[in-house]
Amino acid sequence: MLVVALGLGFWALGWVMGVPVARRMAVLAGLWAAALLAHLVLPEGNGLRAAIGGDARVWGVLGGIGALVAGYGLGLRKLRARARPLAAAPAETGPFRPVELDRYARHILLREIGGPGQLRLKSAKVLVVGAGGLGSPALLYLAAAGVGTIGVIDEDTVEGSNLQRQIIHTDDRIGLPKVQSAAVAMTALNPFVTVRPYQRRLDEGSAELIADYDLVLDGTDNFDTRYLVNRLCAQAGKPLISAAITQWEGQISVYDPARGGPCYECVFPERPLPGMVPTCAEAGVAAPLPGVIGSMMAMEAVKHLTGAGEGLRGRLMIFDALYAEARVIGVKKRPDCPVCGSGV
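Summarised in this report is the structure supplied together with it. Note that this is a predicted model, so its numbers are computed, not measured. (Residues numbered from 1 in each chain as written. Predicted model: local features only at pLDDT ≥ 70, side-chain atom pairs only at ≥ 80, totals over all residues. Heavy atoms only, no water.)

Take the packing of aromatic side chains next. Inspection of every chain in the model, using the stated rule, returns four aromatic pairs. Judged by centre distance (6.3 Å) and plane angle (70°), the ring pair of Phe-96 and Tyr-104 falls under edge-to-face. Take Phe-96: its relative accessible area is 14%, and that puts it in the buried class. Their ring planes at 40° and their centres at 5.0 Å tell us that Tyr-264 and Phe-268 sit as a pair that is tilted. For Tyr-264, a relative accessible area of 3% corresponds to the buried category. (Phe/Tyr/Trp six-rings, centres within 6.5 Å; stacked < 30°, edge-to-face > 60°. Buried < 20%, exposed > 50% of the residue type's maximum accessible area, 1.4 Å probe, protein only.)

Dropping the structure here:
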C-alpha cells in the first residue's frame, strides 16, 4: 500500500506541475522496480518488505500488465502519427447535383437529349409572355424539364374565371399577380430553376428584356402584343414560339427569321378586323385545349434548346380538338415583310 500511495502522490503532483505523462510513467516504473528489487534482495520478515506488501511474484505480474498497457499506448501513438488525415470530400463541381441527375434521368436516357442536352436546358434562359391558358402548361413543363432561368411577364392578377383552364394558378391565389402565382407553382415543382417574374405589360421599352433571353414564348390573347413580341424578337435575333387558341382550335409555329424562317408578320401580314377573331373571354374555350397547345410550346422549346428532332420553323401546325385532327402547312419568309424583309 505504501508504494501505491507514493505512486498516486507522485502522479497527482506531476499533473499539478504540468509534468509530461511520459515522465510521470517513468517515475511509476521506478517505484515498481524498487519494490520488486526490495522483495528480491531483502530477507523474509524485513520491515520494508512488509511495508511494501505482497511478494515478488505479485509485483512481477503487475509489472507485466503495466508493460503491456504502456506498449499498447506507444504503438497506438505511432500508428496515429503515421496515419494521414482523410482528404476532405471533393466539392460538387459538376453541372448537376445527384438529386438533379435523378430528377432528369428520363431526359438523359433519351438519345436526342442526353447529358449534353440537359446541360443546354440548364444553361438556357427562356422568357414566357403571358401566364394565362397557354403560358400555364408551358411554364410548368419548362420548369419540370430543367430550363435554368425562366422569365414570365404578365400584368394581370388571378381571377376565379381563369381557373377553368389556367392550371398554374389555384383558388387560394385568387387576387395574386399571375407572375407571382406562377413563380410559386414553378418553384414548388422544381426548386433547381430560377424564376424571374415581371408584373407589367410588354411594351416598346421591353427590347432590352427580350435581348437577355435565348428564346421567347408568346401565349398572349391579343394581336397588339403578338405583333409587338414578334417585332422585338426579330430585331434582337431571338427565336419566337407563338401560339393561339379559340374555342376548339389552336395553332403554333416557331418564328425565327434570323435563321432563315419567317416571322409572325410574314405569315399574318394583316391584323384581322375587330370582332373577326374573338378572344377566349368572348367566344369561350375548351378547358384542355390550352393544355394541349401550351404543352406543344414547351415541347418545341425543349427541341429548339437541345437540338432534338425537327422543329416548327417554317411550318404552322393547326389543331382541331373538336374533330381530333391536326395538320401542318408550310410557311415562308416574305421578302417585303416590314419586320424581317429586305426593306427593313
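Of note, Asp-320 is situated in strand S7 (residues 315–320). For the buried Asp-320, no salt bridge is present, and the opposite-charge side chain at shortest range is Arg-327, 5.8 Å distant. Within polar-contact distance, the side chain of Asp-320 engages the backbone nitrogen of Leu-322 at 3.0 Å. With residues near it in sequence (within four places) discarded, Asp-320 still touches Trp-248, Glu-249 and Glu-325. (Helix = DSSP H or I, 4+ residues; strand = E, 2+ residues; numbered from the N terminus. Lys, Arg positive; Asp, Glu negative; His and termini not counted. Salt bridge = Lys/Arg side-chain N within 4 Å of Asp/Glu carboxyl O. Polar contact = N/O pair within 3.5 Å; in protein donor to acceptor, adjacent residues only side chain to side chain. Contact = heavy atoms within 4.5 Å.)

Next up on the list: helix H14 (residues 288–306). Compared with an ideal rise of 1.5 Å per residue, which puts 19 residues at 27 Å, H14 spans 27 Å between its outermost C-alpha atoms and is within 8% of the ideal. Among the residues making up H14, those that are buried are Leu-289, Pro-290, Ile-293, Gly-294, Met-297, Ala-298, Glu-300, Ala-301, Val-302, Lys-303, Leu-305 and Thr-306. (Expected span 1.5 Å × (residues − 1).)

This brings us to the environment of Thr-187. Summarising the element assignment, Thr-187 is placed in helix H9 (residues 178–189). Residue Thr-187 is classed as partly exposed on the basis of its relative accessible area of 39%. Within polar-contact distance, the side chain of Thr-187 engages the backbone oxygen of Ala-183 at 2.8 Å.

What follows deals with unusual backbone geometry. Trans is the prevailing form of peptide bonds, just as negative phi is the prevailing case for residues other than glycine. For Gln-247, which is not glycine, the phi dihedral falls at a positive 50°. The topology assignment puts Gln-247 in the loop between strand S5 (240–246) and strand S6 (249–255). Of note in the backbone geometry, Ala-324 takes a positive phi value of approximately 50° without being a glycine. With respect to the helices, strands and loops of the structure, Ala-324 is situated in the loop between S7 and strand S8 (325–330). Given a relative accessible area of 65%, Ala-324 falls into the exposed group.

Time to look at helix H11 (residues 223–236). The end-to-end C-alpha distance of H11 is 20 Å, a good match for the 20 Å that 14 residues give at a rise of 1.5 Å each. Those residues of H11 not exposed but buried are Thr-225, Arg-226, Tyr-227, Leu-228, Val-229, Asn-230, Leu-232 and Cys-233. For H11, the N-terminal cap is Asn-222; the gap from its side-chain oxygen to the backbone nitrogen of Asp-224 is 3.4 Å. Where H11 ends, the next residue or the one after it, Gly-237, has phi of about 70°, a positive value.

On to the sheet that holds strand S3 (residues 194–198), then. Strand order in the open sheet made by the eight strands is S3-S2-S1-S4-S5-S6-S7-S8, with mixed pairing throughout. Because the sheet does not close on itself, it has two edges, and the strands there are S3 and S8. Strand after strand, the sheet turns through a mean of 15° between neighbouring axes, direction not considered. Note that strand S1 (residues 125–129) and strand S4 (residues 215–218) share four bridges and pair parallel. Within S4, the residue paired with Leu-127 across the bridge is Val-216. (Pairing = 2+ DSSP bridges. Axes fitted to C-alpha atoms, helices over the stretch in contact; angles between N-to-C directions.)

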